[in-house]
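# Structural overview
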Amino acid sequence: MFTRRSRLKPERVREFTRLAQHLTAEREAATPLVERLLRETEPEKWPTLAEHPDLKTIGALERLANIFAETLTKNARKATAVAELAVSVAEGLTPGSYPIAAISQLQALAWKDLGKALRFLGRNLEAVDAFHTAESRLVPGLTHDRAIVRFNLAMSLQELGQFDESFDLITESRRLFDEHGDARNTLLCGLAEGILLQRLGRFREARETYLLLLASTKPIDQESLGALHRAIGLCSLDLRDFREAELNLRHSIALSREIGQPLEALKGETALGRLFNRKGEPQRAIEHLRPVRRAFLRAGLAEEAGICGLEIVEGLLLLDSASPAETLARKIVAEFVTAGLSARAIGALGYLAEAIASKKASTKLVSDVRDYIVSLRTSPERDFATS
Amino acid sequence: VLQSLAGTSTTDLASTYERYYEGLAALAEKLEIPPEEAEELIANILISTLLLKRPAGDVERWLVAALHDAARGEKC
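Residues numbered from 1 in each chain as written. Chains lettered and ligands numbered in written order. Predicted model: local features only at pLDDT ≥ 70, side-chain atom pairs only at ≥ 80, totals over all residues. Heavy atoms only, no water.

### Structural notes on the overall build of chain B
Heads up, the condition is: By the criteria applied, helices consist of DSSP H or I runs no shorter than four residues and strands consist of E runs no shorter than two, each listed in order from the N terminus. Partly exposed describes any residue whose relative accessible area lies between the buried limit of under 20% and the exposed limit of over 50%, with all areas from a 1.4 Å probe on protein chains only and scaled to the type maximum. Every residue pair with non-hydrogen atoms within 4.5 Å of one another is taken to be in contact. Shrake-Rupley sampling with a 1.4 Å probe provides the accessible areas, and residues are treated as covered by the protein chains on show and by no other component.
Counting its regular elements, chain B contains four helices and zero strands. Traced from its N-terminal end to its C-terminal end, chain B shows the element sequence α-α-α-α. Within chain B, buried positions represent 51% of all 76 residues. Taking all contacts inside chain B whose residues are at least 6 apart in sequence as the whole, residues at least 24 apart take part in 60%. Per element, the accessible surface of chain B, about 3,400 Å² overall, is 49% carbon and sulfur.

As structure tokens, then:
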């Protein structure tokens, strides 16, 4: 009888078993090997390592990907160099050295990591190119990788102001992650969707998105739960639903403390200070925020201390205390200079200090400067423009 | 998945592949994926999922999702 079912080919089984056996040994050898090569080679000479025969393995590429993930938030330039090396190694793999699906996946993930590094450096146009190259490497069947690449592409498109395209990609990726039962990435997509809606000023829809995630029956780790409550709190703050805002911000702070993330708790405290300002309680805001700012400074986090300081500046302006507001704004400028932070951020802060001195500053200008400084984390080349 | 494959004999690895292959081939037939495409597609999915990605959760759900999506024309 004629059948439409595909037949198992013995050579495929051999290919699978051979790779499984090789991989165990490769992964064991890769950790010490990759770390030694990176340690013993000057970073500017890392590109030459792409020709090293021992690096041309799946194990070595997986190790490079792990190093990239561990390094990205600590040292983006080093992470970029690692990603560039991984791309060169993956692209240099000899055809036939591994099954095509393995080579395809390794090349795509190396390009995806390079895209992430470029996005982190604010080079979003180049990041988009890297993500498109990543996708072009994927052979049919590697759906989960495609969703990962497209989710990352969505993040860069968002930075480039292409919100509709970004939204569609996030929605599609989320569906795919959900179908795979990948709860963590499904949640990340939900969070990204909410953040995008917040950026578009659609705070009610953003809050609905977060609340649906919270109501989901799927397990949510404590860290994500804290992030969700803070996001709901911030949306509620913009919706002037102060009761919900305070409830969620306090919940988020408590969760961050519970899981030993004091800096995240301090960020929650900063948002709580903003809430007091919005509620028309600037004195309470200032008293609440001063110890928070000191804690950030003790931790050496000049940028977070500055953002918190700007909430105090706003409170002082609400109290018509322009002189201490100007003094504090200038102090924040000095802290940014000492810490070697972005010249653009320093320029915007200087502009604010001058505006306060000439009695032209409003609380709106303070929030514009604060939002601008935060936006420089993802778009470091952006110019300051106040409305 | 890796842990279950590491150190296992060639025979066991082969039977793992064959077991998953048969299930996916039956699904591919239901999804009306042409046999010549299905064979390569399933090989890609099995190598990528079982050997490289090694999901911590429900592997079968993962494999089925990958095949379903491929059947939808890799629209992601």
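Let us keep going from here.
### Describing helix H12 (residues 262-278) of chain A
Residue and element names in this part refer to chain A. Operational definition: Expected span, for any helix, means 1.5 Å times one less than how many residues it has.
In this model H12 runs 24 Å from its N-terminal to its C-terminal C-alpha over 17 residues, within 8% of the 24 Å that 1.5 Å per residue would give. Of all the 17 residues making up H12, twelve are buried; the element is thus mostly covered by neighbouring parts of the structure. Three or more residues of H12 are buried, namely Ala 265, Leu 266, Gly 268, Glu 269, Thr 270, Ala 271, Leu 272, Gly 273, Arg 274, Leu 275, Phe 276 and Asn 277. At its buried positions, H12 is contacted by helix H10 (222-238), helix H11 (242-258), helix H13 (282-298), helix H14 (302-318) and helix H17 (363-375). Where H12 ends, the next residue or the one after it, Gly 280, has phi of about 85°, a positive value.

### Considering the nonpolar core
As a reminder of what qualifies: For the purposes of this section, nonpolar cores are sets of buried Ala, Val, Leu, Ile, Met, Phe, Trp, Tyr and Cys residues that join through side-chain atoms within 4.5 Å.
With 88 residues, the main nonpolar core has Leu 55 of chain A together with Ile 42, Leu 46 and Leu 67 of chain B as its most contacted residues. Ignoring any residue separated from it by four or fewer positions in sequence, one finds Leu 67 of chain B in contact with Leu 24, Leu 27, Ala 28, Leu 31, Ile 33, Leu 41, Ile 42 and Ile 45 of chain B. Counting residues in each nonpolar core, the second largest holds 46 residues, with Leu 275, Val 313, Ala 348 and Ala 353 of chain A among its members.

### Considerations on empty space enclosed by the protein
Stated precisely, the cut-off is as follows: With a 1 Å grid spanning the protein atoms alone, the term cavity applies to any set of points in which a 1.4 Å probe fits but cannot get out, the term pocket to an open set with protein on both sides within 12 Å along at least five of seven lines, and the term lining residue to any residue with an atom within 4 Å of a point. Grid points are joined across faces, edges and corners, and a volume is the space filled by probe spheres set on the points. Amino acids outside the nonpolar list (Ala, Val, Leu, Ile, Met, Phe, Trp, Tyr, Cys, Pro) and the charged list (Asp, Glu, Lys, Arg) are all regarded as polar, and Gly is one of them.
Tallied over the full model, the rule gives one cavity of 30 Å³ or more. By volume, the largest cavity is sized at about 40 Å³. As for the largest cavity, its lining consists of Gly 141, Leu 142, Thr 143, His 144 and His 180 of chain A together with Ile 45, Ser 48, Thr 49, Lys 53, Trp 62 and Ala 66 of chain B. Examining the composition of the lining of the largest cavity, we find that four residues originate from one element, helix H3 (residues 35-53) of chain B, more than from any other. Its residues assigned to classes, the lining of the largest cavity shows four nonpolar, six polar and one charged.

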